[in-house]
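# Secondary and tertiary structure notes
Here is how the chains run, residue by residue.
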Amino acid sequence: MIGDLNLDSKALIFIPVNDHQDVEKSGGSHWSLLVFCRPTAICYYFDSSHGSNKKSAMEIFYKFKPLFKCEAAKVEEQPTPQQPNGYDCGVYVMSFTEYIANAFTAKEKLRKGVLQSWMKLIRKMESEITSSTVTDKRLAIREIIGGLQKQRIELRKSAKGK
């Protein structure tokens, strides 16, 4: 299934990482993010909890590395905004993903020499993703979920009324 994604042709690959070991069951206590950047052959590691998920991230990296078709690929831990609580790691991962994707979508396609731009982006991300912006995002997601729940209830009501 993953082979069908043609990962070897993608400039950026976002890989959310969970520390749960059993893929057959839900669980885990922490999320972090790996972003493979083909032009630099680096898989950047972002963790909002002081690198606590690094073991899981490295395991995922070694599983994905053959799919990158880039033997030189390596992992580099990045300076990352830190969460002040024990529950916002997933929202931080969404924030990092959105920030990086938007930044690179707004620019030309990735090419050699992107490293300087990448480092500027990371430094800027540190100041733009804060506990306040993450809290706002969490609340916005909560509103979206609440709205979807209301829509579902209304659809069920209208279906019963027919």
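Residues numbered from 1 in each chain as written. Predicted model: local features only at pLDDT ≥ 70, side-chain atom pairs only at ≥ 80, totals over all residues. Heavy atoms only, no water.

Bringing helix α2 (residues 89-105) into the picture now. Look at α2: 24 Å from first C-alpha to last across 17 residues, which is about the 24 Å you get at 1.5 Å a residue. Listed in full, the buried residues belonging to α2 are C89, V91, Y92, V93, S95, F96, Y99, I100, A103 and F104. (Helix = DSSP H or I, 4+ residues; strand = E, 2+ residues; numbered from the N terminus. Expected span 1.5 Å × (residues − 1). Buried < 20%, exposed > 50% of the residue type's maximum accessible area, 1.4 Å probe, protein only.)

Burial runs high along strand β3 (residues 42-46): five of the five residues are buried. Burial of the side chains of β3 extends over both faces: I42, Y44 and F46 are buried on one face and C43 and Y45 on the other. Relative to β3, strand β2 (residues 31-37) runs antiparallel, the two being bridged by five bridges. Pairing of F36 across the sheet is with C43, part of β3. Here β2 hands over to β3 after four residues, with A41 in that stretch at a positive phi of 60°. Across four bridges, β3 lies against strand β4 (residues 74-77) in parallel orientation. When the bridges of β4 are listed, Y45 appears paired with E77. The parallel pair β3 and β4 is bridged by helix α1 (residues 54-68), and the resulting crossover is right-handed. (Pairing = 2+ DSSP bridges. Right-handed = clockwise from strand over helix to strand, strands pointing away.)

Grouped together as the largest cluster of nonpolar side chains are 21 residues, with contacts concentrated most on F46, I100, W118 and M125. Looking at this core, the elements with two or more residues in it are β2, β3, α2 and α3 (115-128). Looking at which element gives the most residues to this core, the answer is α2, with eight residues. If near-sequence neighbours (up to four positions away) are discounted, W118 is found in contact with L12, V35, Y44, F46, Q78, I100 and F104. Among the nonpolar cores identified, the runner-up in size contains 16 residues, and I15, F36, A41 and C70 belong to it. (Core = buried A, V, L, I, M, F, W, Y, C linked by side-chain atoms within 4.5 Å. Contact = heavy atoms within 4.5 Å.)

On to the packing of aromatic side chains, then. Per the stated rule, a full pass over the model turns up six aromatic pairs. Taking 6.4 Å as the distance between ring centres and 35° as the angle between the ring planes, the aromatic pair formed by F64 and F68 counts as tilted. With F64 and F68 both in helix α1, this residue pair falls four residues apart, about one helical turn. Here F64 falls in the buried class, since its relative accessible area comes to 18%. Owing to a relative accessible area of 0%, F68 belongs among the buried residues under this scheme. Here the aromatic cluster, defined as three or more aromatic residues joined through ring pairs, consists of F36, F61, Y62, F64 and F68. (Phe/Tyr/Trp six-rings, centres within 6.5 Å; stacked < 30°, edge-to-face > 60°.)

So, about the pattern of salt bridges. What the rule picks out here adds up to seven salt bridges. For E76, the salt bridge goes to K74, with nearest N and O atoms at 3.6 Å. With a relative accessible area of 27%, E76 lands in the partly exposed category. The partner of E98 in a salt bridge is K137, with the nearest N and O atoms 2.6 Å apart. Of the two residues, E98 sits in helix α2 while K137 sits in helix α4 (residues 131-161), which places them 39 residues apart along the sequence. (Salt bridge = Lys/Arg side-chain N within 4 Å of Asp/Glu carboxyl O.)

Any covalent bond linking the sulfur atoms of two cysteines counts as a disulfide. Taken as a whole and assessed by the stated rule, the structure comprises zero disulfides. In this structure C70 is a free cysteine whose sulfur lies 10 Å from that of C43, the closest cysteine sulfur available. Residue classification places C70 among the buried residues on the basis of a relative accessible area of 14%. The thiol of C89 is unpaired, and the distance to the nearest cysteine sulfur, on C43, comes to 18 Å. Assessed through its relative accessible area of 6%, C89 is described here as buried. (Disulfide = S-S within 2.5 Å.)

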